[in-house]
Amino acid sequence: MGTSRRHLIKAAAAAALACAIPAVGLAQGGAYPTRPIKLVVPWTAAGTVDLTARLLGERMSAKLGQPVVVENRPGATGQIGSQAVSRAPADGYTLLVMAATVHAVSPNLQKSFPFDPIEDFTPVSEIVRFPYAMVVSTNSPFKSVSDLVAAAKKAPGTISYGSFGSASAPYLISEMLALASGTKLLHVPYKGAAQAITDVMGGQIHFFIDSLPSPLPHVRGGKLRALAVTTTERSPVLPDVPTMAETLPGFEAIAWLGIAAPPQTPPEVVRTLHTALREIAAEPEYIAKLRETGLQPVASQSPQEFKTFLQKQKAHWAKVIKDANVPMVE
């Protein structure tokens, strides 16, 4: 074979390879997913996060044409399951349900956090947003936030609230209230929401602030009165309940969940997931089911918008923790 002919064959082979490479990439991107997807919930089953994930997983399965299997990996307040996803293969087949606790609050409270709560993941989209609700007993003399603040100013340190300890959202938001209103409140710690709710219903403590799904059944059942929600807009679940900001301008505390993939997940995979999540968030039946539990489905305009939201949320809670003089823990 002549030299010129060999050069022509090599050139043709190189050209064919160059054309084949992007074609393979497109085929892989277009084919995703081709097998079941694992959705990791870093908490135990039956809670708000787990129930949301299972409802979302059903809809993702229908949209993507592959089973979406929810896997509970609890431990270390959500950190064990989250860290496992941060180390999973970046192929789109292992996803994480993110929450404010792990990715915005706890990193500002721990001296040594086991992973970067934002950079060690590929954010895809926020999926639900919901307020915290401030509740009192239906027998309480307080009919509004203004009533409670006035009483706290009149007798500093006597108006009591429940929490799960100084690292919990109920504590931080209650201290936000104290700072914003210029009052001093009495902190009563509990091991969990159930006992705090029981005591606020019985009048042993004056109020309790927790994520809306927790006290909502008791509000609907007439055993608790909601004085305010902590989002800047009223909740469609409790449209007659004012926001905290209507009394204390600028007051905001958001509870949220989102979906993230491991770092370096291919952009085409992220786009496929993001598109599916946006479409699901607009489905009337899905919206109705979530609202029954106090949740509002949402979807980020883009993965980058969700990442920016995460950064702002982490900075927000860093300021709250600093202003409330909450000590760091190991």
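For every chain, the first residue of its written sequence is number 1, and the numbers climb from 1 along that sequence. Totals for whole chains, interfaces and linings use all residues, but because this is a predicted model, local features are given only for residues with pLDDT of at least 70 and pairs of side-chain atoms are given and counted only at 80 or more. With hydrogens and water stripped out, all remaining heavy atoms of the structure feed into the side-chain values.

**Q** Would you mind going over the overall build of the protein in detail, with residue names and values included?
**A** In this description a helix means any DSSP run of H or I spanning at least four residues, a strand means any run of E spanning at least two, and both kinds are numbered starting from the N terminus. Check the secondary structure of the protein and you find 11 helices and 10 strands. Projected onto its principal axes, the C-alpha positions of the protein cover 100 × 40 × 35 Å. Here the protein holds 330 residues, and 49% of them are scored as buried. Any two residues whose heavy atoms approach within 4.5 Å are treated as being in contact. Long-range contacts, defined here as pairs at least 24 residues apart, represent 76% of the contacts in the protein between residues at least 6 apart. Computed with a 1.4 Å probe, the accessible areas rest on the Shrake-Rupley method; for each residue, only the protein chains presented here act as cover. Counting only carbon and sulfur atoms, one obtains 56% of the accessible surface of the protein, whose full area is about 15,200 Å². Across the protein, the centroid of the 30 positively charged side chains sits 4 Å from that of the 24 negatively charged ones. In this scheme, a residue with accessible area under 20% of its type's maximum is buried, one over 50% is exposed, and one in between is partly exposed, where area comes from a 1.4 Å probe on protein chains only. Charged residues are defined narrowly, with Lys and Arg counted positive, Asp and Glu counted negative, and His plus the chain ends left uncounted. For charged residues, the charge sits on one atom: NZ in Lys, CZ in Arg, CG in Asp, CD in Glu.

**Q** Quick one: what's the story with the environment of Val-68, residue by residue and with numbers?
**A** Relative to the elements of secondary structure, Val-68 occurs in strand β2 (residues 68-72). In this structure Val-68 comes out as buried when scored by relative accessible area, which is 12%. Distance from Val-68 to Lys-38, taken between C-alpha atoms, is 5.8 Å for residues 30 residues apart in sequence. Excluding its chain neighbours within four sequence positions, the residues that come into contact with Val-68 are Ile-37, Leu-39, Gly-57, Met-60 and Ser-61.

**Q** Kindly report on the pattern of salt bridges, identifying the contributing residues and their values.
**A** Each salt bridge in this description consists of a side-chain nitrogen of Lys or Arg and a carboxyl oxygen of Asp or Glu lying within 4 Å of one another. Applying the stated criterion to the full structure yields 12 salt bridges. Of the charged contacts, one joins Lys-38 and Glu-71 as a salt bridge, the two residues approaching to 3.7 Å between their closest N and O atoms. Taken together, the residues Lys-38 in strand β1 (residues 37-41) and Glu-71 in strand β2 connect sequence positions 33 residues apart. A relative accessible area of 25% places Glu-71 in the partly exposed class. Its salt-bridge partner being Glu-285, residue Lys-289 comes within 3.4 Å of it at the nearest N-O pair. One end of the pair is Lys-289 and the other is Glu-285, both in helix α10 (residues 284-292) and 4 residues apart, which spans about a single turn. Residue class for Lys-289 comes out partly exposed when judged on its relative accessible area of 37%. We classify Glu-285 as exposed; its relative accessible area is 56%. The network of salt bridges with shared partners includes Arg-59, Lys-63, Glu-279 and Glu-283.

**Q** How would you summarise helix α6 (residues 169-181) if you had to cite specific residues and measurements?
**A** Between the first and last residue of a helix there are one fewer steps than residues, each counted as 1.5 Å, and that sum is the expected span. Compared with an ideal rise of 1.5 Å per residue, which puts 13 residues at 18 Å, α6 spans 18 Å between its outermost C-alpha atoms and is within 8% of the ideal. Judged by how many residues are buried, α6 sits mostly within the fold: 11 of 13 residues are covered. Turning to α6, its buried residues are Ala-169, Pro-170, Tyr-171, Leu-172, Ile-173, Ser-174, Glu-175, Met-176, Leu-177, Ala-178 and Ser-181. One or two steps after α6, the chain reaches Gly-182, where phi turns positive at roughly 70 degrees.

**Q** Explain the nonpolar core residue by residue, including any values.
**A** Most often, soluble globular proteins keep nonpolar side chains buried together rather than apart. To qualify as a nonpolar core, a set must consist of buried Ala, Val, Leu, Ile, Met, Phe, Trp, Tyr and Cys residues joined through side-chain atoms within 4.5 Å. One finds Leu-177 and Phe-207 to be the most contacted residues of the largest nonpolar core, which totals 83 residues. Setting aside chain neighbours within four positions, we find Leu-177 in contact with Met-134, Val-145, Val-149, Thr-183, Leu-185, Phe-207, Met-244, Leu-248 and Phe-251.

**Q** So what's going on with the environment of Ala-84? Which residues, and what values?
**A** By the element assignment, Ala-84 lies in helix α3 (residues 79-86). Under the relative-accessibility criterion, Ala-84 is labelled partly exposed at 23%. Each C-alpha atom, one on Ala-84 and one on Arg-73, is 8.8 Å from the other, the two residues being 11 residues apart in sequence.

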